[in-house]
Amino acid sequence: MKIIDWYILKRFLVTFLFTLLILIPIAIAIDVSEKVDNFLEHPNLGLEEILNDYYLNFIIYYTNTFMPLALFIAVILFTSKLSNNTEIIAITNAKVSFTRFLYPYFIGATLITLVSLGMNHYVVPKSSKVRKAFEKKYISNTKQKNELKYISDFSLQLTDSTYIFIRSFNTETNSGYDFTSETYDGLELKSKLFADNLRYNTKDSTFALTRWRKRLIFENRDSIFSGNKIDTVFNFTPRDLIYKSAFAQEMPTNELVKFIDLSKKRGVKNLNAYLVELYKRTSLPIASYILTIIAVALAFRKRRGGTGVNLAIGVGIMFLYVFFMKIGEVLGSVAGVNSLNYVWIPNIMFGSLAIYLYFNARK
């Protein structure tokens, strides 16, 4: 790399870190103002627990979230400054093409993308698990807690031949009622197990069934057995009953992929919320390249109004990107659609804009 490349790369990364250090404290200040009442409602909640369990993981989450925005703003600010100081004119007079000028920017974007990919796929999910556990305990309202606490009218395919049905289940007490397990041979029902109540034992991963009845179906007769209580094992846990996108955010990518594959085998029909979470962990970091090209192309040429105009245009573009990203996530979570297409729509749209601005800046 040449001296000018090191100069641009260093200033680019310093501006990026400076932008992050501005955005994170603002986010913390807003969050503290919103949640201070929740903290005060729990007199036994100490400052150390708030800082270590909540705000440390809050910083990790929002640092990763703000990376594309910080990158975009940093590139616009730094490149506009180069343009206003006529440094870009000196660089182009030295017969450096726009494509070559992008070289140090792409090195910087690559470094940020690699960090963001690692955080998205592994660091942030583990961090989110601790943060969400804190939120559930001290911040979540009664409605949110009940949505995760009570599961009703749930069905699940455990294997190719075994299905279960549960009328109601409480995930806090790990107990439920009206349980049914059916086993088939092709389309023919072979056995059916009923229980008025069931309870999951976390110590040995068994289910205790009370007031149970089992019916074995043969060709010419049926056999029925019953009892007051029996302990048995099923290929599921209470966590499998809760299909909420929030849990996808707590799983590292390897666990999330296994969970999606297992859920497909169990016959869960709509896993799009999980697929959206999986796909956006890659699409958002890759957007760093797209946003870098757009930002450099906007700020490459000196314009009337200087940095302020470039920054205003850039913030508007970033707002549109986030807007379409959120729309894509919502639409991608709908059953029956291709989640991958919806998650990548913002990158495709703004990638086209980046290509247009790139060729326009080369002129």
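Residues numbered from 1 in each chain as written. Predicted model: local features only at pLDDT ≥ 70, side-chain atom pairs only at ≥ 80, totals over all residues. Heavy atoms only, no water.

Chemist: Mind showing me how you'd approach the overall build of the protein chain here?
Modeler: A count of helices and strands for the protein chain gives eleven helices and six strands. In terms of overall size, the protein chain is more extended than a compact globule, its C-alpha atoms giving a radius of gyration of 27 Å where 363 residues would be expected to give roughly 21 Å. With the principal axes as the frame, the protein chain shows a C-alpha extent of 95 × 55 × 30 Å. When burial is assessed residue by residue, the protein chain has 43% of its 363 residues classed as buried. Intrachain contacts of the protein chain at a sequence separation of at least 6 include 63% that bridge at least 24 residues. Averaging the coordinates of the 43 positive side-chain charges in the protein chain and doing the same for the 29 negative ones gives two points 10 Å apart. (Helix = DSSP H or I, 4+ residues; strand = E, 2+ residues; numbered from the N terminus. Rg over C-alpha atoms; globule rule 2.2 N^0.38 Å. Buried < 20%, exposed > 50% of the residue type's maximum accessible area, 1.4 Å probe, protein only. Contact = heavy atoms within 4.5 Å. Lys, Arg positive; Asp, Glu negative; His and termini not counted. Charge placed at Lys NZ, Arg CZ, Asp CG, Glu CD.)

Chemist: Explain the environment of S152 to me, please; I cannot follow it from the model alone.
Modeler: Note that S152 resides in strand β1 (residues 150–157). Discounting chain neighbours no more than four positions away, the residues touching S152 are I166, R167 and S168.

Chemist: Teacher, can you tell me more about the packing of aromatic side chains here?
Modeler: When we look at a pair of aromatic rings, we describe it by the centre distance and by the angle of the planes. For the structure on display, the rule yields 27 aromatic pairs. Through successive ring pairs, a cluster of aromatic residues spans F39, Y54, Y55, F58, Y61, Y62, F66, F134 and Y138. The side chain of R131 reaches across the aromatic face of Y61, ending 4.4 Å from its centre. (Phe/Tyr/Trp six-rings, centres within 6.5 Å; stacked < 30°, edge-to-face > 60°. Lys NZ or Arg CZ within 6 Å of the ring centre and 35° of its normal.)

Chemist: What's the story with the sheet that holds strand β2 (residues 162–170) in this structure? I'm lost.
Modeler: The strands that make up a sheet pair up through hydrogen bonds in the backbone, lying either parallel or antiparallel. Judged by pairing direction, the sheet is antiparallel, and its six strands sit side by side in the order β1-β2-β3-β4-β5-β6 without closing on themselves. One side of each edge strand has no neighbouring strand; the edge strands of this open sheet are β1 and β6 (222–232). Averaged over all adjacent pairs, the angle separating strand axes in this sheet is 10°, with direction ignored. Bridging between strand β5 (residues 206–217) and β6 involves ten bridges; their strand directions are antiparallel. Bridged to K214 within β6 is F225. (Pairing = 2+ DSSP bridges. Axes fitted to C-alpha atoms, helices over the stretch in contact; angles between N-to-C directions.)

Chemist: What's the story with the packing of helix α5 (residues 103–138) against helix α9 (residues 272–299) in this structure? I'm lost.
Modeler: For any two helices packed against each other, the geometry is given by the interaxial angle and the distance between the axes. Contact geometry for α5 and α9: axes closest at 9 Å, N-to-C directions at 160°. One element, α5, and the other, α9, form an angle in the roughly antiparallel class. As α5 packs across α9, the resulting crossing turns out to be right-handed. Of the residues in α9, those touching α5 at Y105, F106, A109, T110, I112, T113, S116, L117, N120, H121 and P125 are K280, R281, T282, P285, I286, S288, Y289, T292, I293 and V296. Residue classes in the contact of α5 with α9 are distributed as eleven nonpolar, eight polar and two charged. (Parallel < 35°, antiparallel > 145°, perpendicular 65-115°, else oblique. Left-handed = near helix turned anticlockwise from the far one by under 90°. Nonpolar A, V, L, I, M, F, W, Y, C, P; charged D, E, K, R; others polar.)

Chemist: Would you mind going over the layout of surface pockets with me for this structure?
Modeler: Rolled over the atoms, a probe with the dimensions of a water molecule shows which regions are left empty. By volume, the second largest pocket amounts to about 760 Å³. Residue lining of the second largest pocket: 31 residues in total, with K280, L284, M325, K326 and E329 positioned closest to the centre. Those elements that place two or more of their residues in the lining of the second largest pocket are α2 (47–84), α5, α9, α10 (306–332) and α11 (339–362). Among the elements that take part in the lining of the second largest pocket, α10 stands out by supplying eight residues, more than any other. A breakdown of the residues in the lining of the second largest pocket according to their chemical character gives 17 nonpolar, nine polar and five charged. (1 Å grid on protein atoms, 1.4 Å probe; cavity = no way out; pocket = protein on both sides within 12 Å on 5 of 7 lines; lining within 4 Å. Points joined across faces, edges and corners; volume = space filled by probe spheres on them.)

Chemist: I keep staring at the confidence of the model for the protein chain and nothing clicks. Help me out?
Modeler: Low-pLDDT portions of the prediction should not be read for the details of their coordinates. For the protein chain, per-residue confidence averages 85 on the pLDDT scale, and 92% of positions sit at 70 or higher. The spread of mean pLDDT over the elements of the protein chain runs between helix α6 (residues 142–149), the lowest at 54, and β5, the highest at 91. (pLDDT = per-residue confidence, 0-100.)

Chemist: It is not clear to me how the nonpolar core should be interpreted in this structure. Could you clarify?
Modeler: In a soluble, globular protein the nonpolar side chains are often hidden away together inside. If you look at the biggest cluster of nonpolar residues, it comprises 56 residues, and the most contacted ones within it are F101 and I294. Secondary-structure elements contributing two or more residues to this core are α1 (3–40), α2, α3 (87–93), α4 (98–101), α5, α9, α10 and α11. The element that contributes the greatest number of residues to this core is α2, accounting for 14 residues. In contact with I294, other than residues within four places in its own chain, are F72, I317, F350, L353, A354 and L357. Membership of the second largest hydrophobic core comes to 18 residues, among which are F169, L193, A195 and L198. (Core = buried A, V, L, I, M, F, W, Y, C linked by side-chain atoms within 4.5 Å.)

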